[in-house]
Amino acid sequence: GAEKHFLPAKLINGGIAGLIGVTCVFPIDLAKTRLQNQQNGQRMYTSMSDCLIKTIRSEGYFGMYRGAAVNLTLVTPEKAIKLAANDFFRHHLSKDGKKLTLLREMLAGCGAGTCQVIVTTPMEMLKIQLQDAGRIAAQKKLMAAQAQLSSSSGAGAAEPAVERRPTATQITRELLRSKGIAGLYKGLGATLLRDVPFSIVYFPLFANLNKLGQKDPNVKAPFYVSFLSGCVAGSTAAVAVNPCDVIKTRLQSLQRGVNEDTYSGILDCTKKIWQKEGPMAFLKGAYCRALVIAPLFGIAQVVYFIGIAEFLLDMLPKHRA
């Protein structure tokens, strides 16, 4: 039968999936940002678990969710755009009902990734500032403590002033005031470099893995197949584009820790990381990112397939023409 392109339902599904996903994996994403942002001089965290334990100790449990509000607000439109765009492009690339070639599947993914950055870039720009604020504050505290030790003459030193942590709204206002809309789109190039290849790898890989689990091409694959396909395709694509993610995180961070490099652009950033931190630095946070992306996409695909929304929309009274 012909697929009915039921966008509102898909958008609601994508949204619900996104919200569940973000809530589950946000702390891991916070660890990813902090690990990617540390440069060799001042390393606060040795691993993901070390980062999460220290964050809970210094910022409490909710500290792990700094920046989650931005994500929860924007993840729905972001996922919605991505899934809808992929569908749209697949629909238009599969003219006369023929099966999509791999190249066309990749093209559809490419289109999806390109559309999605409209929301992704500003969302992650804000999220990164909020997620990384705690690392920079902790670093300053550490430096202050070290300075105190070296100059401690036994005099009771003054307590350091408590820092006010900026909110997403304050950061947005500040960016818009100083740099205009472009301020929110800092790192757009790096986001494209990450999300377009990601979608090119992810969507065809998912479609083909999912096909393996279908006994009959006309019957939907069982949901665990979709879940596993989403997880495998997601983590594979995530690790593949991790170098671009590291560059993006570094470029989008406005605040730098003590003695940390600043970067003028993608090439400058790539060169400095390669020279000062070595090629392995491009895999910083890859493990976290795979852990974040796998369930996110697994959940998204399942919700998408089961279609909570179709069920909800069927419950609504039908509009009689």
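In the block above lies the structure referred to throughout.
Below you will find a few notes about this structure. On a predicted model such as this, the values are computed, not experimentally measured, just so you know.

Rules of the game
- Position numbers for residues count from 1 along each chain, tracking the sequence in the order it is written.
- Residue-level local features of this predicted model are given only where pLDDT is at least 70; pairs of side-chain atoms are given and counted only at 80 or more, and the full residue set underlies all totals for whole chains, interfaces and linings.
- To get the side-chain values, take all heavy atoms of the structure and skip hydrogens and water.
- Salt bridge, as applied in this entry: a Lys or Arg side-chain nitrogen positioned within 4 Å of an Asp or Glu carboxyl oxygen.
- Each helix corresponds to a stretch of at least 4 residues labelled H or I by DSSP, and each strand to a stretch of at least 2 residues labelled E; elements are numbered beginning at the N terminus.
- The buried label applies to any residue whose accessible area, calculated with a 1.4 Å probe on protein chains only, is under 20% of its type's maximum; exposed applies above 50%, and partly exposed to all values in between.
- In this description, a line fitted to the C-alpha atoms serves as the axis of each element, helices being fitted only across the stretch in contact, and the angle between N-to-C directions of two axes falls anywhere from 0 to 180 degrees.
- Every angle not falling under 35 degrees, over 145, or within 65 to 115 is termed oblique; those three ranges are roughly parallel, roughly antiparallel and roughly perpendicular.
- Put simply, a crossing is left-handed when the front helix is turned counterclockwise from the back one by less than a right angle, and right-handed when it is turned clockwise.
- Should any heavy atoms of two residues lie within 4.5 Å, those residues are considered in contact.

Side note on the pattern of salt bridges
Following the criterion strictly, the structure yields 19 salt bridges and no others. Among the salt bridges present, the one from Lys-32 reaches Asp-29, with a minimum N-O distance of 3.7 Å. Taken together, the positions of Lys-32 and Asp-29, both in helix α1 (residues 7-37) and 3 residues apart, correspond to about one turn of that helix. Here Lys-32 matches Asp-29 in class, with each residue buried. Residues Arg-177 and Glu-174 are paired through a salt bridge, measuring 3.2 Å at the closest nitrogen-oxygen approach. Here Arg-177 and its partner Glu-174 are both found in helix α5 (residues 168-179), 3 residues apart, which amounts to about one turn of the helix. A relative accessible area of 37% places Glu-174 in the partly exposed class. Members of the salt-bridge network, linked through shared partners, are Asp-29, Lys-32, Glu-124, Lys-127, Arg-194, Asp-195, Asp-245, Lys-248 and Arg-289.

A few points about the packing of helix α3 (residues 68-93) against helix α7 (residues 188-212)
For the pair α3 and α7, the least separation of the axes is 13 Å and the interaxial angle reads 70°. By the angle between their axes, α3 is roughly perpendicular relative to α7. Of the two possible hands of crossing, α3 and α7 adopt the one that is right-handed. Contacts between α3 and α7 involve Lys-82, Leu-83, Asn-86 and Arg-90 from the first element and Phe-198, Ser-199, Phe-203 and Ala-207 from the second.

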